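# What the coordinates show
These are the residues of each chain, in order.
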Amino acid sequence: MRRIRTCCLLVLLSLFVTGCWNRTELNELGITVATGFDRENGKWSMSYQIAVPSAMGTAQSGSGGGGGGGKPSVHVFTTVGSSIREAADLGYVENPRRLYFAHTDLLVIGREAAEFGISEILGLYFRNNDARETVLVALTDGKAREILTKVVPSETMPGTALAEIIQKESNFSSIFPKVKVYELAQKVLSDAGAAGVPVLEFTGKGQSGMESLEKTTSSPGTLKLTRLGVFHRDRFVGWMNREESFGISWLSDHVKGSTLAFGCSEGSQEKKQSSFRITNAKTTVTPIKSGEHFKMKIKVKAKGDLLEFQCNGDLTKPEVIRKIEKTLEEDILAIIQAGWKASKRMRVDLPGFADKVHRKYPKTWREIKATWEDELAHIELDTEVHVSVQRPGLIKKSFEQLQKETGEQDR
């Protein structure tokens, strides 16, 4: 009798044990590396860069997105729908695998979609739990699909490689500040209501599609970051060039590291043959009420190392080091002014001054909030830049100067 009761109890307990009836095998998933958003004829066009597992195992022997025997390690396809989710679900008409977005590294937005508005894209990422808000965002002047179909030489996963390009550029050059989905949403919903997104473009000759590059040593064209796309609220409004974008990076405290070329005298635009590597930078912005308008007190501190020096002078002398620092300070100041001038021209608050005014002067902000775009034209910058050369290098003079001194001694 006890044995029967024990068996019945085990049977009942087994009903509460979880099983694998709703499992999803790895070979049933379409791992999405990058996603593209376009607008075509009033509808959403979704492009997906899917990893091809069968090609990835032998992809190390290939190059530029090709696997063994020239087979690409990714597959790109496009679907169209009235809504974004409808377009995504229509992917099952031609794709046998369930789309899996947890490993997506890059989100590319085409120009038409950016001009239409990105609120639907942001809403999708925050509403659904199958997409990550930490995905990097890029913009393109053409179609997002065209970016996803291009290869990145020496890399097997183009989408991941493009995300790495954006990440590395932000860390080591800081000209085009990176932005993730959640950061983009925070910026467009902030008091400033503006955001900058790095722009990817295909430059050079040829198409550089998913064809094998095994027999070539260089690609006829390449994907690169070229400028900054500017959003006011959720819509694209224009471009900024490299210098203007770099200025915004300084104003918004996004400079992590960069290399500046400089001349031998202050304000010199010719023969910038010396270079300074910024290893640490900090920008603080303090709004100051000046009459009916505001003045922004900008304090910039930058430290770094001297990488190249082609000027005359002895680097062991403090006055020579101070002259270099002064030249660099003038160059950084000019870059900041170029960025702010472009921001005022476009009537967008990319540096985020509105948020700082709101925090320091909440009562005044409520009065000027509706006319903030007009207020931008009256804001003046009071900028103070301090550069410190930490390491001048192993030789105290330029090599050219040492040659001249050696020649004079031989005479």
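Scope of this entry: the structure provided in the associated data block. (Residues numbered from 1 in each chain as written. Predicted model: local features only at pLDDT ≥ 70, side-chain atom pairs only at ≥ 80, totals over all residues. Heavy atoms only, no water.)

## Let's talk about the overall build of the protein
Here is the rule we go by: Helix and strand labels come from DSSP, where a helix needs a run of H or I of at least four residues and a strand needs a run of E of at least two; each type is numbered from the N terminus. Any residue under 20% of the maximum accessible area for its type is buried, any over 50% is exposed, and the rest in between are partly exposed; the area is computed with a 1.4 Å probe on protein chains only. Note on contacts: a residue pair is in contact if any heavy atoms of the two residues lie within 4.5 Å. Per-residue and other accessible areas follow the Shrake-Rupley method at a 1.4 Å probe size, with only the shown protein chains counted as cover for residues.
Each helix and strand in the protein was counted, giving 14 helices and 13 strands. Here the protein holds 411 residues, and the buried ones make up 47% of them. Restricting the contact set of the protein to residue pairs at least 6 apart, pairs at least 24 apart contribute 72%. Just so you have it, the protein exposes about 21,800 Å², and 51% of that area is on carbon and sulfur atoms.

## Quick look at the state of the cysteines
Worth spelling out the cut-off: Any pair of cysteine sulfurs within 2.5 Å is marked as a disulfide.
Scanning the model with the defined rule gives 1 disulfide in all. Each disulfide pairs two cysteine sulfurs, and for cysteine 264 the partner residue is cysteine 311, the sulfurs being separated by 2.1 Å. In this structure, the disulfide formed by cysteine 264 and cysteine 311 twists by about -95° around the S-S bond and is classed as left-handed. Of this pair, cysteine 264 sits in the loop between β10 (258–262) and β11 (274–290) while cysteine 311 sits in the loop between β12 (293–308) and α10 (318–346), and the two are 47 residues apart along the sequence. Judged by its relative accessible area of 37%, cysteine 264 is partly exposed.

## Here's the deal with the sheet that holds β12
This is how it is decided: We call two strands paired when DSSP finds no fewer than two bridges between them. To obtain each axis, a line is fitted to C-alpha atoms, and for helices this fit is confined to the stretch in contact; angles are then taken between N-to-C directions over 0 to 180 degrees.
Spatially, the 4 strands line up as an open sheet ordered β10-β11-β12-β13, and their pairing is mixed. With partners counted over all chains shown, the strands left at the sheet margins are β10 and β13 (380–391), one partner each. Averaged over all neighbouring strand pairs, the angle between strand axes comes to 35°, with direction disregarded. Of the pairings in the sheet, the one linking β11 to β12 comprises 15 bridges and is antiparallel in character. Considered in β12, the bridge of serine 275 is made with glutamate 308. Against the sheet, helix α11 (residues 353–360) engages β11, β12 and β13, with an angle of about 45° to β11.

## Concerning the side chain of serine 73
Let me state the cut-off plainly: The term polar contact refers here to a pair of N or O atoms within 3.5 Å; inside protein, the definition further demands a hydrogen-donor-capable atom paired with an acceptor-capable atom, and it admits residues adjacent in sequence only when both atoms are side-chain atoms.
With respect to the helices and strands, serine 73 occurs in the loop between α2 (53–56) and β3 (74–81). Of the residues examined, serine 73 reaches a relative accessible area of 0% and is grouped as buried. A distance of 2.2 Å separates a polar atom in the side chain of serine 73 from the backbone oxygen of threonine 156.

## Points about empty space enclosed by the protein
Test applied: A pocket here means an open set of points on a 1 Å grid, computed over the protein atoms alone, that has protein on both sides within 12 Å along at least five of seven lines. A cavity is instead a set of points where a 1.4 Å probe fits but cannot get out; residues with an atom within 4 Å of a point line either one. Grid points are joined across faces, edges and corners, and a volume is the space filled by probe spheres set on the points. Residue classes follow a fixed rule: Ala, Val, Leu, Ile, Met, Phe, Trp, Tyr, Cys and Pro count as nonpolar, while Asp, Glu, Lys and Arg count as charged, and any other residue, Gly among them, counts as polar.
Summed over all chains, the structure comprises 2 cavities of 30 Å³ or more. There is about 110 Å³ of room inside the largest cavity. Lining of the largest cavity is provided by Thr35, Phe37, Met46, Ile84, Arg85, Ala88, Phe101, Leu124, Tyr125, Asn128, Asp130 and Ala131. Of all the elements in the fold, those that place two or more residues in the lining of the largest cavity are β1 (29–40), α3 (84–89) and α5 (119–127). Looking at the lining of the largest cavity element by element, the count peaks at 3 residues for α3. Looking at side-chain class alone, the lining of the largest cavity contains 8 nonpolar, 2 polar and 2 charged residues.

## Some points on unusual backbone geometry
A positive phi angle is found at serine 174, which is not glycine, with a value near 60°. Examined against the element boundaries, serine 174 turns out to sit in the loop between α7 (158–172) and α8 (181–189). What makes serine 174 buried here is its relative accessible area of 1%.

## Things to note about the packing of aromatic side chains
Basically, it comes down to this: Pairing of aromatic rings covers Phe, Tyr and the six-membered ring of Trp, with a centre-to-centre limit of 6.5 Å; geometry is then stacked below 30 degrees between planes, edge-to-face above 60, and tilted otherwise.
Applying the stated criterion across every chain, the model contains 10 aromatic pairs. An angle of 40° between the planes, with centres 5.2 Å apart, marks the rings of tyrosine 48 and phenylalanine 77 as tilted. On the criterion of sequence distance, the pair formed by tyrosine 48 in strand β2 (residues 43–51) and phenylalanine 77 in strand β3 is long-range, its members being 29 residues apart. Each member of the pair, tyrosine 48 as well as phenylalanine 77, is classed as buried. Counting every residue linked through ring pairs, the aromatic cluster contains Phe37, Trp44 and Phe116.

## Quick look at the nonpolar core
Keep this limit in mind: Buried residues of nine kinds, namely Ala, Val, Leu, Ile, Met, Phe, Trp, Tyr and Cys, make up a nonpolar core once their side-chain atoms join them within 4.5 Å.
Counting 68 residues, the largest nonpolar core has Leu106, Trp250 and Trp372 as the members making the most contacts within it. Ranked by residues supplied to this core, first place goes to α10 with 10 residues. Counting residues in each nonpolar core, the second largest holds 35 residues, with Ile84, Ala87, Val135 and Trp239 among its members.

## Digging into α5
The α-helix advances 3.6 residues per turn, and as a result positions three or four apart in sequence lie on the same side. Our working definition: This arc corresponds to the set of directions leading from the helix axis out to the C-beta atoms.
Residues of α5 that are buried: Ile121, Leu122, Leu124 and Tyr125. When α5 is viewed along its axis, its buried side chains cluster within an angular range of 155° and face the same direction. Those residues of α5 hidden inside the fold are in contact with β1, β2, α3, β5 (106–109) and α8.

## Looking at the packing of helix α9 (residues 242–251) against α10
Note the following rule: Any angle between 65 and 115 degrees counts as roughly perpendicular, while under 35 counts as roughly parallel, over 145 as roughly antiparallel, and the rest as oblique.
Running from N to C, α9 and α10 cross one another at 100°; their axes reach a closest spacing of 7 Å. As the angle between them shows, α9 and α10 are arranged roughly perpendicular. Residue-level inspection shows Glu243, Glu244, Phe246, Gly247, Ile248, Trp250 and Leu251 of α9 in contact with α10, the latter providing Ile332, Ala334, Ile335, Ile336, Ala338, Gly339, Trp340, Ala342, Ser343 and Arg345. Taken together, the residues that form the contact of α9 with α10 break down as 11 nonpolar, 3 polar and 3 charged.

## Section: the pattern of salt bridges
Pairing is possible between side chains that carry opposite charge, provided their charged atoms lie close to one another. Quick note on the threshold: Counted as salt bridges are all cases of a side-chain nitrogen of Lys or Arg within 4 Å of a carboxyl oxygen of Asp or Glu.
Overall, the coordinates contain 17 salt bridges when judged by the stated rule. Ionic pairing is found between aspartate 305 and arginine 391, a salt bridge with its closest N-O pair at 3.4 Å. Taken together, the residues span a long stretch of sequence, with aspartate 305 in strand β12 and arginine 391 in strand β13 at a distance of 86 residues. With relative accessibility at 55%, the residue arginine 391 sits in the exposed group. Among the ionic pairs, arginine 347 bridges to aspartate 374, the shortest N-O distance being 3.0 Å. Highlighted residues: arginine 347 in the loop between α10 and α11 and aspartate 374 in helix α13 (residues 372–375), separated in sequence by 27 residues. Given a relative accessible area of 39%, arginine 347 falls into the partly exposed group. Classification of aspartate 374 as partly exposed rests on a relative accessible area of 44%. Members of the salt-bridge network, linked through shared partners, are Arg111, Glu115, Asp141, Glu201 and Arg227.

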